Amino acid sequence: MLVSRLKDGKLLIKVANQKQAEKIKKIKTIPDHRGEIQVQTLEHPTLNCSKGVIRCPDIEFLTEGEILDGPQTQKATEVIILKRKINNVLTNTRTAIVTFKTGRIPRTVDFGLYPLKVELYIPRPMRCTTCMRLGHTKKSCQREKICANCSEMEHKESCVRTKCVSCGDAHNTLDRNCPVFCDEMEISKIRTVNKITYGEAKRIRRRQCPEIPKIYTSDISYAQRTKSATKSRANHETNTWYNELCRSKGKKFARYQSSIENKMWHHRLKIPAKDIKTLNRLIAGHDYGNFWLHKMKLIDRGTCAICNVEDTASHRVFYCHKFDMERKDQLKINEQNFIKAWKTKDKKKMKMVIKFIKTNRISF
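Let me sum up the structure you'll find in this document. As the structure is a prediction and not an experimental result, all values here were calculated from the model. (Residues numbered from 1 in each chain as written. Predicted model: local features only at pLDDT ≥ 70, side-chain atom pairs only at ≥ 80, totals over all residues. Heavy atoms only, no water.)

**Observations concerning the overall build of the protein chain**
Next, step 1: Regarding its fold elements, the protein chain presents 12 helices and 10 strands.
Next, step 2: The C-alpha atoms of the protein chain give 35 Å as radius of gyration, which overshoots the globular expectation for 364 residues (21 Å, by more than 25%).
Next, step 3: Considering only C-alpha atoms, the protein chain reaches an extent of 100 × 65 × 55 Å along its principal axes.
Next, step 4: When the accessible surface of the protein chain is totalled, it reaches about 25,600 Å², and 53% of it is carbon and sulfur.
Next, step 5: For the protein chain, the distance from the average site of its 74 positive side-chain charges to the average site of its 38 negative ones is 4 Å. (Helix = DSSP H or I, 4+ residues; strand = E, 2+ residues; numbered from the N terminus. Rg over C-alpha atoms; globule rule 2.2 N^0.38 Å. Areas by Shrake-Rupley, 256 points an atom, 1.4 Å probe, with all protein chains shown as cover. Lys, Arg positive; Asp, Glu negative; His and termini not counted. Charge placed at Lys NZ, Arg CZ, Asp CG, Glu CD.)

So, in structure tokens, the structure goes:
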């Protein structure tokens, strides 16, 4: 059982089941040090109900009473058909809001001969039509009337500029793509789904998205901007981990790639898979050269028989004296130039290295 105080001084009591609710309804007085306090127990008008949205072309030709006859068996108490103005005449749309006397909406409702899917109704944030700010209505507003297009005092002349009251960007205040409005819609969704107060829902939203995106554009949706910001934060965390790891492991590969990219390095280069495998071994330094076989204790010696240095893939391709003549004629680039070619996606030089490896049958 949870007890909280509302703004008007009333106490909101949340119970676990119907049995507890029936017991609380019977309470008429509460003992006090000065005697007894008379109390009145009432059911909350909205928290014990749920609202859903149904959509159907037939709704355009029906009344709210006719629609309510179908889902009454599923504890539907009210139906509101959304309307729109056509030639200054209010007409029905294909959408209706149904109120249920249950904590959760049903999956479907009976609608004549067939069922209709029910979606959770997410109410729009309150907006004052006087000052155009979110969070209150004109009944409690004491500010002067504001123009929704330019955010200045209401005027008869045409607006000089376009500015949003909520976020300050260059768009109309009533634009539904406004980042502040979209953020308030997310808070409203959290509040409706979890049946919690606005303050609790806002705290949850701020943990999910610490800052409201400030950049506005009509071409990119709010969801795309939020996804982009989340992806950017994840990339930053990944690269921080990668840079710390490269201090002890993967130092060779870090010379080629200082950060982790979203796409593979060979994206759109159209290089055969077998050649990509060869280049990966050369770049990362994880190959089957004598140096690594010796580390795995599979052979006795890990150095090159000719040069007497670590026998790795990069040594065989770029440094071993065995291929000095062939390297001058066929390769014509050193390891540093190859690193630059890999970073700039120079397909021609990569193919040159692959051809050199295949022609001289260099295995690693």
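What follows continues from the structure just given.
**Section: the packing of helix H10 (residues 324–331) against helix H12 (residues 347–359)**
To describe two helices that pack against each other, one gives the angle between their axes and the distance between the axes.
Next, step 1: Following both chains from N to C, one finds H10 and H12 inclined at 145 degrees, their axes separated by 10 Å at the closest point. For the pair H10 and H12, the sense of crossing is right-handed. Residue-level inspection shows Glu326, Arg327, Gln330 and Leu331 of H10 in contact with H12, the latter providing Met352, Val353, Phe356 and Thr359.
Next, step 2: Its residues placed into classes, the contact of H10 with H12 shows four nonpolar, two polar and two charged. (Axes fitted to C-alpha atoms, helices over the stretch in contact; angles between N-to-C directions. Left-handed = near helix turned anticlockwise from the far one by under 90°. Contact = heavy atoms within 4.5 Å. Nonpolar A, V, L, I, M, F, W, Y, C, P; charged D, E, K, R; others polar.)

**Thoughts on the nonpolar core**
Next, step 1: One finds Trp265, Val317, Phe338 and Val353 to be the most contacted residues of the largest nonpolar core, which totals 25 residues.
Next, step 2: Elements with a contribution of two residues or more to this core: helix H7 (273–284), helix H9 (313–318), helix H11 (335–343) and H12.
Next, step 3: The element best represented in this core is H12, accounting for five residues.
Next, step 4: Filtering out sequence-adjacent residues up to four positions away, Trp265 remains in contact with Ile271, Ile276, Leu279, Asn280, Ile283, Trp342, Lys345 and Met350.
Next, step 5: Grouped together as the second largest cluster of nonpolar side chains are 15 residues, Leu68, Ala96, Val98 and Phe111 included. (Core = buried A, V, L, I, M, F, W, Y, C linked by side-chain atoms within 4.5 Å. Buried < 20%, exposed > 50% of the residue type's maximum accessible area, 1.4 Å probe, protein only.)

**Looking at the sheet that holds strand S5 (residues 50–55)**
Next, step 1: If you trace the four strands from one edge of the open sheet to the other, you get S6-S7-S5-S10, paired in antiparallel fashion. Every other strand in the sheet has two partners, leaving strand S6 (76–86) and strand S10 (119–120) as the edge strands with one partner each.
Next, step 2: Pairing of S6 with strand S7 (residues 89–100), which is carried by nine bridges, proceeds in the antiparallel orientation. Looking across to S7, one finds that Ile86 is bridged to Val89. (Pairing = 2+ DSSP bridges.)

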